[in-house]
Amino acid sequence: TAGEGVAGEGVADVDMVGADDADADAGVERVSALPCLRLLCFNRQEEDILVADELAELSAAHPQLHVLHSLSDPPAAWSGGRGQPSKEMLQAQLPPPAPHVRVFWCGPPAFNSTVRQLLGEMGYTDEMV
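For the structure given in this document, a descriptive report is provided here. (Residues numbered from 1 in each chain as written. Predicted model: local features only at pLDDT ≥ 70, side-chain atom pairs only at ≥ 80, totals over all residues. Heavy atoms only, no water.)

### Topic: the overall build of the protein chain
Helix and strand counts for the protein chain stand at five helices and five strands. Along the protein chain, helices and strands appear, N-terminal first, in the series β-α-α-β-α-β-β-α-β-α. Across the 129 residues in the protein chain, those meeting the buried criterion constitute 36%. At a minimum sequence separation of 6, the contacts of the protein chain that also span at least 24 residues come to 69%. Accessible surface, the protein chain: about 7200 Å² in total, of which carbon and sulfur atoms supply 53%. (Helix = DSSP H or I, 4+ residues; strand = E, 2+ residues; numbered from the N terminus. Buried < 20%, exposed > 50% of the residue type's maximum accessible area, 1.4 Å probe, protein only. Contact = heavy atoms within 4.5 Å. Areas by Shrake-Rupley, 256 points an atom, 1.4 Å probe, with all protein chains shown as cover.)

Here's what the structure looks like:
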């Protein structure tokens, strides 16, 4: 089980999970092999979301992939997540801490620091993050 937190353009790094120059299907095969993958993407506005269509296609094709987009400045009609990472949001979206769980994230320094602190408060050990 894995969880991933991404801020802003960090999703471009995570997109590498689904990209392979030698084999376009390699990313899909990697996703298929995962028991559960939760991808949390944090952006300011909807237009800041990168590769949204590709992530939607992957999650539709692979039920073990769950994608949540959260906006800190969402439009009124936004149906996704709202706000920056919080303990409550992470607890609702990530698997509970366990030896087999891994959580990865990328983003700007302030985001990384916040996520690391929250995960520690939630009981994730250094081996899990």
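### Focus on the pairing of strand E2 (residues 37-43)
The buried fraction of E2 amounts to six of the seven residues, a majority that puts the element mostly inside the structure. Two strands pair when backbone bridges link them, and E2 and strand E3 (residues 65-71) are joined in this way by seven bridges, in the parallel orientation. Of the residues in E3, the one forming a bridge with Cys41 is His69. Between the parallel elements E2 and E3, the chain passes through helix H3 (residues 52-61) in a crossover that is right-handed. (Pairing = 2+ DSSP bridges. Right-handed = clockwise from strand over helix to strand, strands pointing away.)

### Observations concerning the nonpolar core
One finds Leu40, Leu90, Leu94, Val103, Leu119 and Tyr124 to be the most contacted residues of the largest nonpolar core, which totals 16 residues. By residue number, the principal contributor to this core is helix H5 (residues 109-121), which donates four residues. (Core = buried A, V, L, I, M, F, W, Y, C linked by side-chain atoms within 4.5 Å.)

### Quick look at the packing of aromatic side chains
Two measures describe an aromatic ring pair: the distance that separates the ring centres and the angle between the ring planes. Scanning the entire structure with this criterion turns up one aromatic pair. With a centroid separation of 5.8 Å and an interplanar angle of 55 degrees, the aromatic rings of Phe42 and Phe111 are classed as tilted. With a gap of 69 residues between them, Phe42 in strand E2 and Phe111 in helix H5 connect regions that are remote in the sequence. Here Phe42 falls in the buried class, since its relative accessible area comes to 7%. By relative accessible area, Phe111 is classed as buried at 10%. (Phe/Tyr/Trp six-rings, centres within 6.5 Å; stacked < 30°, edge-to-face > 60°.)

### Points about H5
Taking 1.5 Å as the rise per residue, H5 with 13 residues should run 18 Å; its terminal C-alpha atoms sit 18 Å apart, in good agreement. Those residues of H5 lying buried are Phe111, Val115, Leu118 and Leu119. Viewed along the axis of H5, the buried residues span an arc of 100 degrees, placing them on a single side of the element. Set apart from the buried face of H5 by more than 90 degrees, the exposed residues are Pro109, Ala110 and Gln117. Positive phi appears at Gly123, one or two residues downstream of H5, with a value of about 100 degrees. (Expected span 1.5 Å × (residues − 1). Arc of directions from axis to C-beta.)

### Details of the pattern of salt bridges
Counted by the stated rule, this structure contains one salt bridge. Notably, a salt bridge pairs Arg116 with Asp126, separated by 2.4 Å at the nearest N-O pair. On the criterion of sequence distance, the pair formed by Arg116 in helix H5 and Asp126 in the segment after H5 is long-range, its members being 10 residues apart. Asp126 sits in the exposed class, given a relative accessible area of 56%. (Salt bridge = Lys/Arg side-chain N within 4 Å of Asp/Glu carboxyl O.)

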